[in-house]
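Given next are the chains, with one letter for each unit.
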Amino acid sequence: QVQLVESGGGLVQAGGSLRLACAASGRAFSGYFMGWFRQAHGKEREFVGAIRWSNDMTWYADSVKGRFTISRDNAKNTLFLQMNSLKPEDTAVYYCAGGTRGYAGPYDYWGQGTQVTVSS
């Protein structure tokens, strides 16, 4: 059974940084795309970025490009989202996801989410 468990969310001031982690278990992810999504209160879920596990190729939404970086630790089966220069509009619940149908999805597996709040 595949499990994705996010951690690292919290409250940070605008301009600050946070690093989210997503611990993946239950299968080998070598052929997978791993994505980060977020959903702000009252808004639809949106794509943040993704990484192809096999070759570290990454994709990012324009809104986070240059500020957020996705990486992975193969030995620990863990995905990371380094978020720098955070803005109040980055406030959302952040989810990691895994799938095989391309970086844009659809994704088959989802974590429970972690709250990120950026104060102005």
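Scope of this entry: the structure provided in the associated data block. Predicted model only: the values in this text are computed from it and were never measured.

1. Some remarks on the sheet that holds strand β1 (residues 3–7)
Then step 1. The antiparallel open sheet is built from four strands, whose spatial order is β1-β3-β8-β7. In the strand order of this sheet, the two ends are held by β1 and β7 (68–73), each with one partner. For this sheet the average axis-to-axis angle between neighbouring strands, irrespective of direction, equals 20°.
Then step 2. The sheet contact formed by β7 and strand β8 (residues 78–83) spans six bridges and is antiparallel. Paired with Thr69 across the two strands is Gln82, which belongs to β8.

2. So, the pattern of salt bridges
Pairing between side chains of opposite charge can happen when their charged atoms approach one another.
Then step 1. Under the criterion given, the structure shown has six salt bridges.
Then step 2. Between Glu46 and Arg38 there is a salt bridge; the shortest N-O distance is 2.5 Å.
Then step 3. Using a relative accessible area of 34% as the deciding quantity, one classes Glu46 as partly exposed.
Then step 4. A salt bridge links Lys65 to Asp62, with the nearest nitrogen and oxygen atoms 3.1 Å apart.
Then step 5. The structure contains a network of salt bridges with shared partners spanning Arg38, Glu46, Arg67 and Asp90.

3. Let's talk about the packing of aromatic side chains
Then step 1. Applying the stated rule across the entire model yields ten aromatic pairs.
Then step 2. Here Phe29 and Tyr32 contribute two aromatic rings whose centre-to-centre distance is 5.3 Å and whose plane-to-plane angle is 75°, an arrangement assigned as edge-to-face. Of the two residues examined, Phe29 and Tyr32, each falls in the buried class.
Then step 3. Measuring from ring centre to ring centre gives 4.6 Å for Trp59 and Tyr103, while their planes differ by 5°; the resulting arrangement is stacked. Taken together, the positions of Trp59 in strand β6 (residues 58–60) and Tyr103 in the loop between β9 (92–99) and β10 (109–110) put the pair 44 residues apart, joining distant regions of the chain.
Then step 4. Classification of Trp59 by relative accessible area gives buried; the value is 18%.
Then step 5. For Tyr103, a relative accessible area of 34% puts it in the partly exposed group.
Then step 6. Cation over ring: Arg19 sits above Phe80, and NZ or CZ is 3.8 Å from the ring centre.
Then step 7. The positively charged end of Arg45 is found above the aromatic ring belonging to Trp110, 3.8 Å away from the centroid.

The rules we used
- Residues numbered from 1 in each chain as written.
- Predicted model: local features only at pLDDT ≥ 70, side-chain atom pairs only at ≥ 80, totals over all residues.
- Heavy atoms only, no water.
- Pairing = 2+ DSSP bridges.
- Helix = DSSP H or I, 4+ residues; strand = E, 2+ residues; numbered from the N terminus.
- Axes fitted to C-alpha atoms, helices over the stretch in contact; angles between N-to-C directions.
- Salt bridge = Lys/Arg side-chain N within 4 Å of Asp/Glu carboxyl O.
- Buried < 20%, exposed > 50% of the residue type's maximum accessible area, 1.4 Å probe, protein only.
- Phe/Tyr/Trp six-rings, centres within 6.5 Å; stacked < 30°, edge-to-face > 60°.
- Lys NZ or Arg CZ within 6 Å of the ring centre and 35° of its normal.

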